[in-house]
Amino acid sequence: MRTGRPKRPLVVSREERETLDSLAHRSRTAPQLARRARIVLACADGLDNKVVAKKLRMTPQTVGRWRRRFIADRLDGLYDEPRPGTPRKITDAQVEAIVIRTLESKPRGATQWSVRSMLVLCVDEKSQIQALDRTQPLLPMRPGQIEHRTHDYKRHGTTSLFAALDVKTGKVLGQIHRRHRSVEFRRFLDAIEDNVPVDLDVHVIMDNYGTHKTAIIRNWFAKRPRFHVHFTPTYGSWLNLVERWFAELTRKQIRRGSHRSVPELEKAIREFIDVHNSEPKPFVWTKTADEILASIARFAQRTLNTHASTN
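Everything in this summary refers to the structure shown in the same document.

About the cut-offs
- Residues numbered from 1 in each chain as written.
- Predicted model: local features only at pLDDT ≥ 70, side-chain atom pairs only at ≥ 80, totals over all residues.
- Heavy atoms only, no water.
- Buried < 20%, exposed > 50% of the residue type's maximum accessible area, 1.4 Å probe, protein only.
- Helix = DSSP H or I, 4+ residues; strand = E, 2+ residues; numbered from the N terminus.
- Arc of directions from axis to C-beta.
- Contact = heavy atoms within 4.5 Å.
- Pairing = 2+ DSSP bridges.
- Right-handed = clockwise from strand over helix to strand, strands pointing away.
- Axes fitted to C-alpha atoms, helices over the stretch in contact; angles between N-to-C directions.
- Parallel < 35°, antiparallel > 145°, perpendicular 65-115°, else oblique.
- Left-handed = near helix turned anticlockwise from the far one by under 90°.
- Nonpolar A, V, L, I, M, F, W, Y, C, P; charged D, E, K, R; others polar.
- Patch = residues over 30% accessible without salt bridge, like charges linked within 9 Å, V, L, I, M, F, W, Y side chains within 5 Å.
- Areas by Shrake-Rupley, 256 points an atom, 1.4 Å probe, with all protein chains shown as cover.
- Salt bridge = Lys/Arg side-chain N within 4 Å of Asp/Glu carboxyl O.
- Lys, Arg positive; Asp, Glu negative; His and termini not counted.
- Charge placed at Lys NZ, Arg CZ, Asp CG, Glu CD.

Some points on helix α7 (residues 215–222)
Three or more residues of α7 are buried, namely Ile217, Trp220 and Phe221. Along α7, the residues classed as buried sweep out an arc of 90° about the axis, all on the same side. On its buried side, α7 packs onto α6 (182–195), β4 (201–206) and β5 (227–231).

Things to note about the pairing of β4
Looking at chain direction, strand β1 (residues 118–134) and β4 are connected through 5 bridges and run parallel. Residue pairing for β4: methionine 118 is matched across the bridge by aspartate 201. Summarising the sheet, β4 and β5 pair through 5 bridges and their orientation is parallel. Each bridged residue has a counterpart across the sheet, and for valine 202 the counterpart in β5 is phenylalanine 227. In this fold, the crossover linking β4 to β5 by way of α7 has right-handed handedness.

Things to note about the packing of α6 against α7
Where α6 meets α7, the closest approach of the two axes is 9 Å, and the angle between their N-to-C directions is 20°. In terms of orientation, α6 and α7 fall into the roughly parallel class. Judged by the sense of rotation from one axis to the other, the crossing of α6 with α7 is right-handed. Taken together, the residues of α7 that come into contact with α6 (itself represented by Ser182, Val183, Phe185, Arg186, Leu189, Asp190 and Glu193) are Ile216, Ile217, Trp220 and Phe221. Grouping the constituent residues of the contact of α6 with α7 by class yields 7 nonpolar, 1 polar and 3 charged.

Here's the deal with a positive patch on the surface
Together, Arg35, Arg38, Arg65 and Arg68 line one region of the surface with positive charge. Structurally, the position occupied by arginine 35 is in helix α2 (residues 31–44).

Here it is, written out as structure tokens:
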């Protein structure tokens, strides 16, 4: 005899099935989204949760969760949770219309559209920065000799840097904390709020790290409707331009630096930020999206060829 709560039937329309098939088999679909689409398709074929779980090699609880999400929210339910803050009021079509308008038209009485009413910040943390002291001084490169440094060093503790890069100007707002939790991240958000004029809308670009999605962070954004959060895709944090600035910090200050204490390291980081902000320059993408994707495709093909040749 059947026991337990009866499951609501999962029925998909023709349009939904086409979209699900595309998500399940398209090479550029994120792996998590493709797996969720396959779960829904299998459930739509009338299979039980346990059968679907065995077929797709996952737990029945996972199947049940995405079955419920799809029944409640349809295709939107397959995507990650909504961004913190107020509900989204601007659709993708409206965004596209705005971009087209700014590129193909001019405002009345002016020569270009202005972005003075908004601020775009790329936000992230560089955690666990080590204060390292080499056992011997670094020997710089000179004619006939490459740079030398010892492989051994002494550790003197770690610190974490929270940074927000202004995409338009290239300026960086930084805050240093010894710990890396949502409490420290909220303090950094308070610092951002204090440094941004109250008449500007703030668009924050950051990754899906757990520190950014806790209850206190969600509540912080929910109480501030002028802040709009945009998460980078999973495994796509490299898209965040502040990562490029972190690379500069590592290359010019941290990698070759010798710091005998955490306060000494933190002082060096603050000095680097001050020097950078004295003559800031915005980072500019030098390749188009198509060129980047083509490069990734070539790398993937080389990987497949190498794998095939070894088998």
